[in-house]
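Each chain is listed here by its residues.
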Amino acid sequence: MHYHWNWRIYWQQSPDGSGTYLHTLFVGLGWTLALALLAWAIALLLGIVVGVIRTTPLRWLERIGNAYVELFRNIPLLVQMFLWYFVMPELVPTALGDWIKQMPPPWGAFVPAVLCLGTFTSARVAEQVRAGINSLSRGQGMAGTALGLTLPQTYRYVLLPMALRIIVPPLGSEFLNIIKNSAVALTINVVELTASARAMQEYSFQVFEAFTAATVIYLLVNLVVVLLMRLIERKIAVPGLIGPSGGPAPAGH
Amino acid sequence: MIEIKDISKWYGTFQVLTQCSTRVSKGEVVVVCGPSGSGKSTLIKCVNGLEPFQKGEIRVDGISVGDPKTNLPKLRARIGMVFQNFELFPHMTVSQNLTLAQVKVLGRSQEAALAKGMALLDRVGLKAQADKHPGNLSGGQQQRVAIARALCMDPIAMLFDEPTSALDPEMINEVLDVMVQLAQEGMTMMCVTHEMGFARRVAHRVIFMDHGSIVEDATKDDFFGKPRSERAQQFLSKILHH
């Protein structure tokens, strides 16, 4: 293999005139994080709402929730990305569609990418929220109801605080997924971390250095997330319940 | 106080309650017993509308439970309920369990709710446990907290759904003592239980259910003296002779 290794490439100027290659990579990382965090906010919000309505006694609400989850869960992320970018502006009212298409770069691609990743992940979050609520005993909801709490209050104060605690570990995995899945946004021209690495490779022909950097950065970011999730798990553990540092065993039996 | 008239309930095509009628007057303690699967828990859950029923009428303090126009959360807030598996909220401390519904449902201030909660916690002998989580209490302690939580709402009646069935034998009495005290103070109570000792001590009437029907509805003395139905006699001989 005739490959000219050059680990100092990161400190060389990129021909796009914005600074060093390292700078290019970090700008890409910035877009990756912005994309992942904004999409995560949407995913959590929609996921909790949809997960909750799938457990309510109202049958028609449950059906709407089920349809939502199956729609976003069963179409490849890449296809959804194209649908949001190419098809969605054509389907909405013309004025809105034109406004979307005229958004200056990078927003014209970034906004559809956020919406796509957010809704895609929300279906998965909804599935976990539903499973978390259903894992609680039926008596918990009854106890809240019997005290006079309304259905929304029972969810807010009784069911969701426990259900969300239970699903923190799988939610952590979803957050790791959203960071990794954000790379798909490069297909609609969002210059996130993977796209930046590819740009570096194309300008400098240093393919190994470019993707080594991307790999290490993804790995470090995700390790930080893993550590943060562990901290959160410890912080919200319920004393007396089984789990990481859930406190001493129950008294009695 | 509680009037149950011709209640029938089906799960799909399976009938779980058949034309059950009874009443609990103010200050009365009624014990509901019967073999498992006889519908006694289902009946008591119909009283505060936790279980819907298809036929008949239940009135609590004159308000119809089955009427769609009834504000059920408001009615439920006036009826205390204690469950077999305690159902304390595990993520909250004991004092948070006691104050939640007082604040959110009755609109009491946090201070007033806490004062009320601590007074009732003291009454069930658990004042020292106020800041613990339910998971760190024994079953008997949890059930006493659950009774205190129900009492915090100043209920006009209390429903008990097998309150001692999930407890170790040595913890049953600490819960029964609280219930006896409550009965002696004149609380209106409807208790699903197999504790015949409790029934003998404080019940005014005993209801015996089998296969979704009320087979026997008698005063305590009649029930223990000479139950009229053969089924109730069999049941009593089985649970009293061991």
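Here is what the cut-offs are and how they apply
- Residues numbered from 1 in each chain as written.
- Chains lettered and ligands numbered in written order.
- Predicted model: local features only at pLDDT ≥ 70, side-chain atom pairs only at ≥ 80, totals over all residues.
- Heavy atoms only, no water.
- Pairing = 2+ DSSP bridges.
- Helix = DSSP H or I, 4+ residues; strand = E, 2+ residues; numbered from the N terminus.
- Axes fitted to C-alpha atoms, helices over the stretch in contact; angles between N-to-C directions.
- Contact = heavy atoms within 4.5 Å.
- Buried area = accessible area lost by both parts, 1.4 Å probe.
- Salt bridge = Lys/Arg side-chain N within 4 Å of Asp/Glu carboxyl O.
- Expected span 1.5 Å × (residues − 1).
- Buried < 20%, exposed > 50% of the residue type's maximum accessible area, 1.4 Å probe, protein only.
- Parallel < 35°, antiparallel > 145°, perpendicular 65-115°, else oblique.
- Left-handed = near helix turned anticlockwise from the far one by under 90°.
- Nonpolar A, V, L, I, M, F, W, Y, C, P; charged D, E, K, R; others polar.
- 1 Å grid on protein atoms, 1.4 Å probe; cavity = no way out; pocket = protein on both sides within 12 Å on 5 of 7 lines; lining within 4 Å.
- Points joined across faces, edges and corners; volume = space filled by probe spheres on them.
- pLDDT = per-residue confidence, 0-100.
- Phe/Tyr/Trp six-rings, centres within 6.5 Å; stacked < 30°, edge-to-face > 60°.
- Lys NZ or Arg CZ within 6 Å of the ring centre and 35° of its normal.

S.K.: Before we move on, can you summarise the sheet that holds strand 8 (residues 189–192) of chain B with the specific residues and values?
M.R.: Residue and element names in this part refer to chain B. Sheet architecture is open: six strands sit in the order 6-7-8-3-9-10, paired in mixed fashion. Among the strands making up the open sheet, the edge pair consists of strand 6 (79–82) and strand 10 (213–219). Direction aside, the axes of adjacent strands within the sheet are offset by 15° on average. Where strand 9 (residues 205–210) lies against strand 10, six bridges are found, and the strand directions are antiparallel. Its bridge partner being in strand 10, Met209 is matched across the sheet by Ile214. Across the sheet, helix 5 (residues 139–151) lies against strand 6 and strand 7 (157–161), angled at about 170° from strand 6, the strand it touches most.

S.K.: How would you summarise the interface of chain A and chain B if you had to cite specific residues and measurements?
M.R.: Each partner contributes residues to the interface: chain A has 29 residues there, and chain B has 30 residues. Here chain A meets chain B over a buried area of about 2,400 Å², counting both sides, of which 66% is carbon and sulfur. At the junction of chain A and chain B, the tally comes to one salt bridge. Its salt-bridge partner being Glu51 of chain B, residue Arg138 of chain A comes within 3.7 Å of it at the nearest N-O pair.

S.K.: With reference to specific residues and values, describe helix 5 of chain B.
M.R.: Its 13 residues place the ends of helix 5 of chain B 18 Å apart at the C-alpha level, agreeing with the 18 Å of an ideal helix rising 1.5 Å per residue. Of all 13 residues in helix 5 of chain B, 13 are buried; the element is thus mostly enclosed.

S.K.: An account of the sheet that holds strand 1 (residues 2–11) of chain B is needed here, citing residue identities and associated values.
M.R.: Residues and elements named next belong to chain B. The strand order across the open sheet formed by four strands is 2-1-4-5, and the pairing between neighbours is antiparallel. Since the sheet does not close on itself, it has two edges, and those belong to strand 2 (14–24) and strand 5 (63–64), each with one partner. In this fold helix 1 (residues 40–47) packs onto strand 1, strand 2 and strand 4 (55–60), with an angle of close to 120° to the strand it touches most, strand 1.

S.K.: Tell me what's going on with helix 5 (residues 107–134) of chain A, and back it up with residues and numbers.
M.R.: Turn by turn, an α-helix covers 3.6 residues, leaving residues three or four places apart pointing in a common direction. Here helix 5 of chain A contains 28 residues, and its C-alpha end-to-end distance of 39 Å stays within 8% of the 40 Å for a straight helix at 1.5 Å per residue. Taking burial as the measure, the 28 residues of helix 5 of chain A include 21 buried ones, the bulk of the element.

S.K.: How would you sum up the packing of helix 6 (residues 138–146) of chain A against helix 7 (residues 151–166) of chain A? Please name residues and give values.
M.R.: Helix-helix packing: each pair is described by the crossing angle between the helix axes and the interaxial distance. Residues and elements named next belong to chain A. The N-to-C vectors of helix 6 and helix 7 enclose an angle of 135°; their axes lie 10 Å apart at closest approach. Between helix 6 and helix 7, the angle is such that the two are oblique. Crossing hand, helix 6 versus helix 7: right-handed. Facing helix 6, whose interface residues are Gln140, Gly141, Gly144 and Thr145, helix 7 presents Thr154, Val158 and Leu159. Split into classes, the residues belonging to the contact of helix 6 with helix 7 amount to two nonpolar, five polar and no charged.

S.K.: Now, about the pairing of strand 1 of chain B: what can you tell me, with residues and values included?
M.R.: Residue and element names in this part refer to chain B. Bridge count between strand 1 and strand 2: seven bridges; the pairing is antiparallel. Paired with Glu3 across the bridge in strand 2 is Arg23. Linkage of strand 1 to strand 2, two consecutive antiparallel strands, is achieved through a turn of two residues, within which Gly12 is found at a positive phi near 65°. As defined by bridge partners, strand 1 adjoins strand 4 across five bridges and the pair is classed as antiparallel. Bridge pairing in strand 4 places Ile2 opposite Val60.

S.K.: Got a sec to walk through empty space enclosed by the protein? Specific residues and values, please.
M.R.: Under the definition given, this model contains one cavity of 30 Å³ or more. Taken as a whole, the largest cavity encloses approximately 70 Å³ of empty space. Lining the largest cavity are Ala143, Ala146 and Leu147 of chain A together with Arg76, Ala77, Ile79, Gly80, Met81, Phe83, Arg149, Ala150 and Met153 of chain B. Put simply, the parts of the chain that give the lining of the largest cavity at least two residues each are helix 6 of chain A together with helix 2 (72–77), strand 6 and helix 5 of chain B.

S.K.: Which residues make up the confidence of the model for chain A, and what are the values?
M.R.: Of the residues in chain A, 95% reach a pLDDT of 70 or more, and the chain-wide mean stands at 91. Counting contacts from residues 244–253 of chain A, a segment whose pLDDT is below 50, to residues more than four positions away or on other chains yields 25 contacts.

S.K.: With reference to specific residues and values, describe the packing of helix 5 of chain A against helix 7 of chain A.
M.R.: Residue and element names in this part refer to chain A. Remark: helix 5 packs on helix 7, axes separated minimally by 8 Å, with the N-to-C direction vectors making an angle of 110°. By the angle between their directions, the pair helix 5 and helix 7 is classed as roughly perpendicular. Crossing angle aside, the handedness with which helix 5 passes helix 7 is right-handed. Across the interface between the two elements, Val129, Gly132 and Ile133 of helix 5 pack against Tyr155, Leu160, Ala163, Leu164 and Ile166 of helix 7. Here the contact of helix 5 with helix 7 is composed, by residue class, of seven nonpolar, one polar and no charged.

S.K.: How would you sum up the packing of aromatic side chains? Please name residues and give values.
M.R.: On inspection of all chains with the given rule, the structure shows 15 aromatic pairs over all chains. Ring centres of Tyr10 of chain A and Trp11 of chain A lie 6.0 Å apart, and the angle between their planes is 75°; this geometry places the pair in the edge-to-face category. On the basis of relative accessibility, which here comes to 58%, the residue Trp11 of chain A falls in the exposed class. Seen in terms of ring centroids, Tyr85 of chain A and Phe86 of chain A are 4.8 Å apart; in terms of plane orientation they differ by 70°. Their pairing is edge-to-face. The exposure class assigned to Phe86 of chain A is partly exposed, which follows from its relative accessible area of 48%. Each member of the aromatic cluster is reached from another via a ring pair, and the members are Tyr3, Trp5, Trp7, Tyr10, Trp11 and Phe208 of chain A. Seen from the ring of Phe89 of chain B, Arg149 of chain B lies directly overhead, with NZ or CZ sitting 4.5 Å from the centre. In this structure, Arg200 of chain B packs its charged tip against the face of Phe224 of chain B, placed 4.5 Å from the ring centre.

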